[in-house]
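Structure assessment
As a plain string of letters, each chain reads:
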Protein chains: 2
Amino acid sequence: MKTRVLSGLIMLPLLIIIILRGWVLFAGCFALSLLAVYEFFRGFKELDIKPSYPIAVGSTILLYLMGMLCFVGTSFSTSMFSSAFVFMLWAFITVFACLLYLFKIEERKLEDAMVTLVGIFYVVFFCYHLALLGMDEFLGLTVWLVVITAFGTDICAYFAGVTMGKHKLCPVISPKKTWEGAIGGILGSMILCLIFGLIFMKHAIVICLIVGFLGSIISMFGDLTASIFKRKMGIKDYGNLIPGHGGILDRFDSILFTAPLVYYVVNILSTIGVTGAWN
Amino acid sequence: MKTRVLSGLIMLPLLIIIILRGWVLFAGCFALSLLAVYEFFRGFKELDIKPSYPIAVGSTILLYLMGMLCFVGTSFSTSMFSSAFVFMLWAFITVFACLLYLFKIEERKLEDAMVTLVGIFYVVFFCYHLALLGMDEFLGLTVWLVVITAFGTDICAYFAGVTMGKHKLCPVISPKKTWEGAIGGILGSMILCLIFGLIFMKHAIVICLIVGFLGSIISMFGDLTASIFKRKMGIKDYGNLIPGHGGILDRFDSILFTAPLVYYVVNILSTIGVTGAWN
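Residues numbered from 1 in each chain as written. Chains lettered and ligands numbered in written order. Predicted model: local features only at pLDDT ≥ 70, side-chain atom pairs only at ≥ 80, totals over all residues. Heavy atoms only, no water.

This part is about the overall build of chain A. The helix and strand inventory of chain A stands at 12 helices and zero strands. Order of helices (α) and strands (β) in chain A, N terminus to C terminus: α-α-α-α-α-α-α-α-α-α-α-α. The C-alpha atoms of chain A give a radius of gyration of 19 Å, which matches the 19 Å a tight globule of 279 residues would have. For the C-alpha atoms alone, the extent of chain A along its principal axes is close to 55 × 50 × 30 Å. Counting over 279 residues, chain A shows a buried share of 56%. Intrachain contacts of chain A at a sequence separation of at least 6 include 73% that bridge at least 24 residues. (Helix = DSSP H or I, 4+ residues; strand = E, 2+ residues; numbered from the N terminus. Rg over C-alpha atoms; globule rule 2.2 N^0.38 Å. Buried < 20%, exposed > 50% of the residue type's maximum accessible area, 1.4 Å probe, protein only. Contact = heavy atoms within 4.5 Å.)

Bringing the confidence of the model for chain A into the picture now. All names here are of chain A. In the predicted model, chain A carries a mean pLDDT of 90, and the fraction of residues at 70 or more is 93%. Within chain A, no element has a lower average pLDDT than helix α1 (residues 2–10), which sits at 65, and none a higher one than helix α7 (residues 110–135), at 96. The ipTM, which scores confidence in the relative placement of chains, is 0.93 for this predicted complex, and the corresponding pTM is 0.93. (pLDDT = per-residue confidence, 0-100.)

Take chain A, turn it by 180°, move it 0.0 Å along the axis, and it overlays chain B with an RMSD of 0.0 Å. Given the turn and translation reported, the copies of this chain are related as if by a two-fold rotation axis. Proximity to the rotation axis, assessed at the C-alpha, singles out Ala-84 of chain A in chain A; its C-alpha lies 1.9 Å from the axis. Counting the interface residues of chain A, we find that 100% of their copies in chain B are interface residues as well, pointing to one common contact surface. (Least-squares fit on C-alpha atoms with pLDDT ≥ 70 in both.)

Let us now look at the packing of aromatic side chains. For the structure on display, the rule yields 66 aromatic pairs over all chains. Seen in terms of ring centroids, Trp-23 of chain A and Phe-26 of chain A are 5.2 Å apart; in terms of plane orientation they differ by 75°. Their pairing is edge-to-face. Of this pair, Trp-23 of chain A and Phe-26 of chain A are both found in helix α3 (residues 22–42), three residues apart, which corresponds to roughly one turn of the helix. Relative to Phe-257 of chain B, the ring of Tyr-122 of chain B lies with its centre 6.1 Å away and its plane at 65°, an arrangement referred to as edge-to-face. A residue pair is termed long-range when its members are at least 10 positions apart, and Tyr-122 of chain B in helix α7 (residues 110–135) and Phe-257 of chain B in helix α12 (residues 255–271) qualify at 135 residues. Here Tyr-122 of chain B falls in the buried class, since its relative accessible area comes to 0%. Over the face of the ring belonging to Tyr-101 of chain B we find Arg-108 of chain B, whose NZ or CZ atom lies 3.9 Å from the ring centre. (Phe/Tyr/Trp six-rings, centres within 6.5 Å; stacked < 30°, edge-to-face > 60°. Lys NZ or Arg CZ within 6 Å of the ring centre and 35° of its normal.)

This part is about helix α9 (residues 179–200) of chain A. Residue and element names in this part refer to chain A. Across its 22 residues, α9 extends 31 Å between first and last C-alpha, which sits within 8% of the 32 Å expected from 1.5 Å per residue. By the burial criterion, the buried members of α9 are Glu-180, Gly-181, Ala-182, Gly-184, Gly-185, Ile-186, Gly-188, Ser-189, Cys-193, Phe-196 and Gly-197. Buried-residue contacts for α9 involve α8 (143–164) and α10 (205–233). (Expected span 1.5 Å × (residues − 1).)

Turning to the environment of Ile-173 of chain A, a few remarks are in order. Position of Ile-173 of chain A relative to the elements: it lies in the loop between α8 and α9. Distance in space between the C-alpha atoms of Ile-173 of chain A and Leu-63 of chain A is 33 Å, their sequence separation being 110 residues.

Attention now moves to a nonpolar patch on the surface. Residues and elements named next belong to chain A. A cluster of nonpolar side chains, Trp-179, Ile-183, Leu-187, Ile-191, Leu-192, Ile-195, Leu-198, Ile-199 and Phe-200, forms an exposed patch at the surface whose accessible area comes to about 870 Å². Turning to its location among the elements, Ile-195 is positioned in helix α9. The exposure class assigned to Ile-195 is partly exposed, which follows from its relative accessible area of 42%. (Patch = residues over 30% accessible without salt bridge, like charges linked within 9 Å, V, L, I, M, F, W, Y side chains within 5 Å. Areas by Shrake-Rupley, 256 points an atom, 1.4 Å probe, with all protein chains shown as cover. Salt bridge = Lys/Arg side-chain N within 4 Å of Asp/Glu carboxyl O.)

Residue-level contacts link 50 residues of chain A with 50 residues of chain B. Buried surface at the junction of chain A and chain B, summed over both partners, amounts to about 4,800 Å²; 89% is from carbon and sulfur atoms. Across the chain A-chain B interface, the total number found is eight residue pairs in polar contact (both at pLDDT 80 or more). Counting residues per element, the side of chain A that touches chain B draws most heavily on α7 of chain A, which supplies 13 residues. Of the residues in the side of chain A that touches chain B, the class split is 39 nonpolar, five polar and six charged. (Buried area = accessible area lost by both parts, 1.4 Å probe. Polar contact = N/O pair within 3.5 Å; in protein donor to acceptor, adjacent residues only side chain to side chain. Nonpolar A, V, L, I, M, F, W, Y, C, P; charged D, E, K, R; others polar.)

So this is what it looks like as structure tokens:
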């Protein structure tokens, strides 16, 4: 518990970035991606898999450059760089680069290229949704929902699990998690999102509740996915950037999943008119 | 040589599909993707890797459904389904499904999920560009360039290599390939694209030449990539669908790479105005 509270305090700089959002968050997500994908790749050392960090860096720069050009303001660049065409081009270049990596056939294993690709899509691409949300004029405030669902679920599930936990959720992947904790996490996330909505997004309470529910579930999937990777790698934590609190990726494993969820759910619900106005 | 000529004849039904293009080619690419990704996954049997075919099928259906909705004609669906948003959503769902596949942690290896993801992006996503090109009102004729660069390079490189080949290109990956063959393949592809341009696309000769050059190079990368995968899998051919001529993926390994190349090069060059008119 002490660890949880402390790690909460260490997250304070993150809060400032989230409050400022826009380009500050955009740059923060870029830096976070580069650090997190580095930790992810390092985890494969034990398995003797050597993914390509330079390809991941190049692909990340390209993705964020596209994002920048999309938001610089001219209507041409906005429509061009928000089109499927440019995003598909990015995906093609990324996959192509990973396949080229195999051409030194005697030095490199299939796994080296495959982990490079998985790392870019799982870490860099997932995190990119947070940067996009933060740049949105109307939906920018919803970056808070990404953080609230991820950390809210984590903290509420922890307390619910400690106080009431009896039935194991998935003992093979993560032995300490219980069904009571999971339900507590979901309820906690929904309540926190509701409170946030009542204060800041009065016209979008329904969206806040839906996001609180779905975000909480996917947040746990994010947590478990990271656990699976670490189990397969044979490591306990991705790193020790924050002494005693693991690496960047240990802290942000849920954010990686709640960011795309919030991005798609909020965009779809507001497009089909579940809410009319954002404040 | 007999094999090459015969396999050329067996490609005749393909010609009809390419001539009709539009929805026929769209459906053809869909079927081709499902067959090719099946062959790709089966190749990993020897390595005791078990990718998920149902995830690949689901992801392929979703991708082509998006494409269909993009082309049904209403301006809303066209703009919606050609936006980065929907394509990103597809990529997110695909990656998420592959990660979920790992949740049966004791049954499944990391490689099972990773090969699923790589197969979808390498086979299904790459092939999808051919379907998109065929649906384009103005650029539809360029599907021929995909075929000409891929098969033209293959045939010209073969004859140039047989008659003049001396210096090995990459003996470790593919021992028979020579530099003379590669250069012959590039020149042959450029000449064939030029002839095609002179007959059918008089206003876009420059584009035909550029595509002939770049398409030929990437076509060889496509061929070598397939060789690398097969070498790593320890198999000679992906299948025996066409007796004596290997599987679908053996025939289309170059198309997978020339399709995206033609799609991006032609779209970019015609957007920046390298040519004004298509006929």
